[in-house]
Amino acid sequence: MSKLKASFSVSSFGIYKEWNEKSKQLPVIKDFTLNIPAVLNIEFGFILRVMKGKGLKLDYTIYHPDIPDKKGQVMAPFTGDVFVRNNDWEFYLGDTLWEPIEDKTGDWHMVIECDGKVIAEHTFSVLAEYADGEIQFWKRRGY
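Since this is a predicted model, take the numbers as computed values, not measurements.

1. Thoughts on the side chain of D95
Note that D95 resides in strand β7 (residues 88–96). Buried and unpaired, D95 has no salt bridge, with K104 as the nearest side chain of opposite charge at 9.5 Å. Discounting chain neighbours no more than four positions away, the residues touching D95 are I42, E43, F44, I62, F78, W108 and M110.

Here you go:
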């Protein structure tokens, strides 16, 4: 009998409602976009859907702009791994902006790999211009 192959697809990407990473619930999409306003606590990223992949290990990396740590050194990319829990499974990879906002602007490249192969990736541009030009829009959305 042949082994079924896993399939991967991005079900949503952009700005999400506030998310609690300890919750079993995935965040809810607010706006499909790759342009993220530099607004405190805005949640952005993407959701990967995995079919027929139970037990697979996924490695993820978030490459951020050169954000300094408390000592002024550039922080390493955020990395981690997760195991696919069942044969129809979704995983949220994302981040949020914290103070000071000024050093969070630029490209945030998020990548998920399986067995050394990129299976999903998105680059989000976090810019102050997006916040300035759309501040009333985002205030209506709860930011």
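Back to the write-up after that little detour.
2. As for the packing of aromatic side chains
Taken as a whole, this structure holds eight aromatic pairs when the rule is applied. Grouping aromatic residues by their ring pairs yields a cluster made of F44, W98, W108 and F124.

3. Quick word on the nonpolar core
Judged by nonpolar contacts, the single largest core of 26 residues is most densely connected at F44 and L58. Among the secondary structure elements, those contributing two or more residues to this core are β4 (43–51), β5 (57–63), β7, β8 (106–114) and β9 (117–127).

4. Section: the sheet that holds strand β1 (residues 7–16)
The strand order across the open sheet formed by four strands is β2-β1-β4-β7, and the pairing between neighbours is antiparallel. In the strand order of this sheet, the two ends are held by β2 (29–31) and β7, each with one partner. Taking the axes of each pair of neighbouring strands and ignoring which way they run, one obtains an average angle of 30 degrees across the sheet. Where β1 and β4 come together, nine bridges link them in antiparallel fashion. By the bridge assignment, Y16 is partnered in β4 with E43.

Calculation notes
- Residues numbered from 1 in each chain as written.
- Predicted model: local features only at pLDDT ≥ 70, side-chain atom pairs only at ≥ 80, totals over all residues.
- Heavy atoms only, no water.
- Helix = DSSP H or I, 4+ residues; strand = E, 2+ residues; numbered from the N terminus.
- Buried < 20%, exposed > 50% of the residue type's maximum accessible area, 1.4 Å probe, protein only.
- Lys, Arg positive; Asp, Glu negative; His and termini not counted.
- Salt bridge = Lys/Arg side-chain N within 4 Å of Asp/Glu carboxyl O.
- Contact = heavy atoms within 4.5 Å.
- Phe/Tyr/Trp six-rings, centres within 6.5 Å; stacked < 30°, edge-to-face > 60°.
- Core = buried A, V, L, I, M, F, W, Y, C linked by side-chain atoms within 4.5 Å.
- Pairing = 2+ DSSP bridges.
- Axes fitted to C-alpha atoms, helices over the stretch in contact; angles between N-to-C directions.

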